[in-house]
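Summary of the model geometry
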Amino acid sequence: MPNGVKIVHRWTPSPVAYIGVMVGAGTRHEMPEENGMAHYIEHCVFKGTNHHSARQIIHSIEGIGGEINAYTTKEETTFYAAILAEHVQLTLHLIAEMLLEPSFKKEETDKERMVILDEIESYNDQPSELIYDDFENLVFAGSPLAMPILGTKKTLRHISSKPDYAKQWMAKHYTPDRMVVFCQGNLKPERIFRLAEREFGHLSGEAGLSARRAVYTQSGEAGLSANERERSFKKHTHQVHAMLGGRAYPIGHENQLAMFLLNNILGGGSLNSRLNLSLREEKGLVYTVESTYTPLSDTGYWCAYWACDPEDFELSLNLIQRELDKLCDAPLSEAALHKALVQLRGQLAISAQNQENTALAMAKSVLYRGEAPEWEDTMRKIEHTSTLQLLQVAQELLNTNYTYILTYK
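Residues numbered from 1 in each chain as written. Predicted model: local features only at pLDDT ≥ 70, side-chain atom pairs only at ≥ 80, totals over all residues. Heavy atoms only, no water.

1. Details of helix α5 (residues 127-139)
A rise of 1.5 Å per residue sets the reference length of α5, with its 13 residues, at 18 Å; its end C-alpha atoms lie 18 Å apart and thus fit the reference within 8%. Of all 13 residues in α5, 10 are buried; the element is thus mostly enclosed. Among the residues making up α5, those that are buried are P127, L130, I131, Y132, D133, D134, F135, E136, L138 and V139. Looking at the buried side of α5, the elements it contacts are α4 (106-124), β6 (230-233), β7 (240-247), β8 (286-295), β9 (300-308) and β10 (404-408). (Helix = DSSP H or I, 4+ residues; strand = E, 2+ residues; numbered from the N terminus. Expected span 1.5 Å × (residues − 1). Buried < 20%, exposed > 50% of the residue type's maximum accessible area, 1.4 Å probe, protein only. Contact = heavy atoms within 4.5 Å.)

Structural data, given as structure tokens:
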């Protein structure tokens with residue numbers, strides 16, 4: 001739209017529609033003393049607007065059989081709902097009201113602060129989840145990306161102490177140029193565009209002050225000592241939980257898709273990944289071992305996670321490093337690359353059947369790249385990946401001389 005709000009719609013034959021708003025404002029846009037603000041706002045806008053109470057918001061969507069949800073990441077906050085397509089107007093109006101006219105009544109936000117504190121404690125009880133936060137803190141030390149999404153007890157007290165604090169933060173960061181209105185379902189795009197214009201077209205087109213506070217690339221890691229790349233915590237868990245990885249390519253990088261394929265080979269969600277075959281199938285050392293690649297707007301990271309008995313930790317670590325060395329030392333054979341591409345094609349096709357995931361991925365792609373490719377388009381680009389390119393990516397990112405390692409013991 002003229003004010004900068006982006007609108008994207010994908011038609012599907014399903015009677016169920018996913019509609020929402022993704023805002024390019026997350027944890028990395030916070031100052032240290034306001035850590036947790038983006039997540040706090042995500043919770044509190046559900047506690048009432050200038051026109052509807054928290055209970056009315058819930059009943060408005062649940063009463064028509066829909067589901068409303070929201071989540072916060074390091075770079076985005078997203079509000080969306082799954083509803084029958086016939087209710088799309090009501091749903092988008094309610095979401096717009098939550099974002100543009102939240103009431104932030106103190107008696108309601110104080111209750112939600114207690115809910116978030118319980119969420120933090122629940123998170124602390126799950127080492128397999130908490131370790132991702134601590135690993136990001138290690139890899140992005142000194143950057144806003146190192147801060148936890150949920151914030152801390154101290155920062156939550158601070159950001160909830162002033163009634164207008166959250167509203168001021170939203171005014172600064174929830175600007176039209178950082179918003180994507182997205183919809184997926186059996187609806188005409190013209191209707192979605194009209195509804196989005198009705199709800200968000202009046203917003204000021206002035207660019208917000210939500211510029212990222214740091215640009216963080218993978219450069220400079222060679223200067224870090226081994227001690228600076230290692231961290232261990234005493235968690236008194238029955239197993240050792242561990243994570244090994246490092247910085248990686250941002251969204252839109254020329255090697256992003258090659259890294260996506262390489263990560264799938266290494267430890268993606270399939271049982272025939274190299275890490276799963278080595279640690280679980282051949283040695284029986286772990287129940288879970290996996291690797292992930294998370295590209296962000298100007299950086300990214302990859303990591304391998306596993307949990308094992310304490311006496312098996314060193315062997316597990318050595319096996320993982322051996323698999324990394326294999327990918328760095330020699331290119332894949334053409335036959336191995338072909339098998340990896342066939343597997344990935346099937347995985348992408350199956351994943352594309354999940355309407356919720358594809359709608360959210362579409363919104364994120366539009367937010368950062370201004371386009372929403374279908375999975376077939378992405379696959380065609382990946383198929384141009386060569387064995388030499390995969391080798392070069394592995395040598396740049398998977399080199400164990402540059403990896404970080406975090407353990408809970």
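There's more to say after this.
2. Regarding the state of the cysteines
Considering all chains together, one arrives at zero disulfides under this definition. C308 takes part in no disulfide bond, and the closest cysteine sulfur to it belongs to C303, at a distance of 16 Å. A residue is classified by how much of its surface remains accessible, and C308, at 0% relative accessible area, is buried. (Disulfide = S-S within 2.5 Å.)

3. Brief notes about the sheet that holds β8
The strand order β6-β10-β7-β9-β8 describes an open sheet built from five strands, whose pairing is mixed. In this open sheet, the two edge strands, each paired with only one partner strand, are β6 and β8. Recorded for the sheet is a direction-independent mean angle of 10° between the axes of neighbouring strands. (Pairing = 2+ DSSP bridges. Axes fitted to C-alpha atoms, helices over the stretch in contact; angles between N-to-C directions.)

4. What to know about the pairing of strand β5 (residues 179-185)
Looking along a regular strand, one sees side chains alternate from face to face of the sheet. With seven of seven residues buried, β5 lies mostly within the body of the structure. In β5, alternate side chains face the same way, and those of M179, V181, C183 and G185 on one face and V180, F182 and Q184 on the other are all buried. For strand β2 (residues 16-23) and β5, the ladder comprises six bridges, and the chain directions are antiparallel. Following the sheet pairing, I19 is matched in β5 by C183.

5. Focus on the pairing of β10
Of all five residues that make up β10, five are buried, and the element is covered over most of its length. Of the two faces of β10, both are covered, the one formed by Y404, L406 and Y408 as well as the one formed by I405 and T407. Across four bridges, the pairing between β6 and β10 is parallel. Along β10, the bridge assignment pairs R231 with L406. The sheet contact formed by β7 and β10 spans five bridges and is antiparallel. Paired with A242 across the bridge in β10 is T407.

6. Focus on the side chain of H241
The topology assignment puts H241 in strand β7. Accessibility expressed as a relative area gives 8% for H241, which makes it buried. For H241, the side chain forms a polar contact with the side chain of Y305, separated by 2.8 Å. (Polar contact = N/O pair within 3.5 Å; in protein donor to acceptor, adjacent residues only side chain to side chain.)

In short, the description is geometric, and any link to function would need to be established separately.
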